[in-house]
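Structural overview
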Amino acid sequence: LCQFVVAAAEGPFPEEKILSCTDADSEVDPSSPLVVSVDTSHDRSMSYVAVAGYRDDGLPHVEVIAQRAGTEWVAKFVSQQLDFTPDALVLQGRGAPASSLIEYIEQEGVEVTPCQGNDLTASGGQFSDRVMNETVRFREQESLRLALDDAVKKYLGEVWVWNRAKSPVDVAPLCAVTMALWGLEMLGVDG
């Protein structure tokens, strides 16, 4: 029939929800606990470090604090270059490009809390609920915004995770903030 069909995939979040959660002045309260997370692109071309903490109004704030090409920089960065000591460092424990970094980070003396199995699927649902209920805040960051706009979910039965391989953009920044938020709220790190 020689007809082109343009299929516009709808992202996981409505635009108005993303805008409601975006706050250019958002920042973590200095007394808040901080949880850091690392994630790596599906093709290992880029790695991201994210942080989550509570604002002075009690809402969680998430942001990407570092992004660089490759993976070799990550262990030294989280062990020596943060200007704060996180209360926890979270990575996907198995099945993700960043999972291979756990050993190197631990060799630098930093304990890693794995997010895997039921925790991994819970983290995505938790982050999604926060966005849909407008109870999380983040600043406008290009890499995170692209992922918020266009991420694809990978269904595992009736639950899901962010799909690094099938998303049309790099969703590693979204994976990183998702796991940082999970760590902040689920590991007993209270604000």
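Up top is the structure these notes are about.
One structure accompanies this document, and this report is about it. Treat the numbers as computed from the prediction; the structure is a model and nothing was measured.

Our focus in this paragraph is empty space enclosed by the protein. Under the counting rule described, the total for this entry stands at one cavity of 30 Å³ or more. The volume enclosed by the largest cavity comes to roughly 80 Å³. Residue lining of the largest cavity: Gln92, Leu120, Ser123, Gly124, Val161, Trp162, Arg164, Cys175, Thr178 and Met179, and that is the complete set. Those elements giving two or more residues to the lining of the largest cavity turn out to be α4 (118-132), β7 (159-162) and α6 (172-186). Residues belonging to the lining of the largest cavity are distributed by class as follows: five nonpolar, four polar and one charged.

For the rest of this paragraph, the subject is the pattern of salt bridges. Counted under the stated rule, the structure contains 10 salt bridges. For the salt bridge of arginine 145 with glutamate 15, the shortest nitrogen-to-oxygen distance reads 2.6 Å. Pair noted here: arginine 145 is in helix α5 (residues 142-150) and glutamate 15 is in helix α1 (residues 15-21), with a separation of 130 residues, a long-range link. Looking at arginine 145, the relative accessible area reads 13%, which means it is buried. Residues participating in the shared-partner salt-bridge network are Glu15, Glu140, Arg145 and Asp149.

Attention shifts here to the nonpolar core. Within the largest apolar cluster, 37 residues are counted, with the highest numbers of intra-cluster contacts made by Val62, Phe127, Phe138, Leu148, Trp162, Leu174 and Val177. Breaking this core down by element, the ones donating at least two residues are α1, β2 (46-54), β3 (60-69), β4 (88-92), α4, α5, β7 and α6. The contacts of phenylalanine 138, once residues within four sequence positions are left out, are Ile18, Cys21, Thr22, Asp23, His61, Val62, Val131, Leu144 and Leu148.

What follows covers the pairing of β2. Taking burial as the measure, the nine residues of β2 include eight buried ones, the bulk of the element. Connecting strand β1 (residues 35-40) to the next strand, β2, in antiparallel fashion are five residues, including arginine 44 with a positive phi near 65 degrees. Here β2 runs beside β3; their pairing, made up of nine bridges, is antiparallel. Bridge pairing in β3 links methionine 46 to alanine 69. Hairpin connection of β2 to β3: five residues between the antiparallel strands, including glycine 58 at a positive phi of 90 degrees.

Cut-offs used in this document
- Residues numbered from 1 in each chain as written.
- Predicted model: local features only at pLDDT ≥ 70, side-chain atom pairs only at ≥ 80, totals over all residues.
- Heavy atoms only, no water.
- 1 Å grid on protein atoms, 1.4 Å probe; cavity = no way out; pocket = protein on both sides within 12 Å on 5 of 7 lines; lining within 4 Å.
- Points joined across faces, edges and corners; volume = space filled by probe spheres on them.
- Helix = DSSP H or I, 4+ residues; strand = E, 2+ residues; numbered from the N terminus.
- Nonpolar A, V, L, I, M, F, W, Y, C, P; charged D, E, K, R; others polar.
- Salt bridge = Lys/Arg side-chain N within 4 Å of Asp/Glu carboxyl O.
- Buried < 20%, exposed > 50% of the residue type's maximum accessible area, 1.4 Å probe, protein only.
- Core = buried A, V, L, I, M, F, W, Y, C linked by side-chain atoms within 4.5 Å.
- Contact = heavy atoms within 4.5 Å.
- Pairing = 2+ DSSP bridges.

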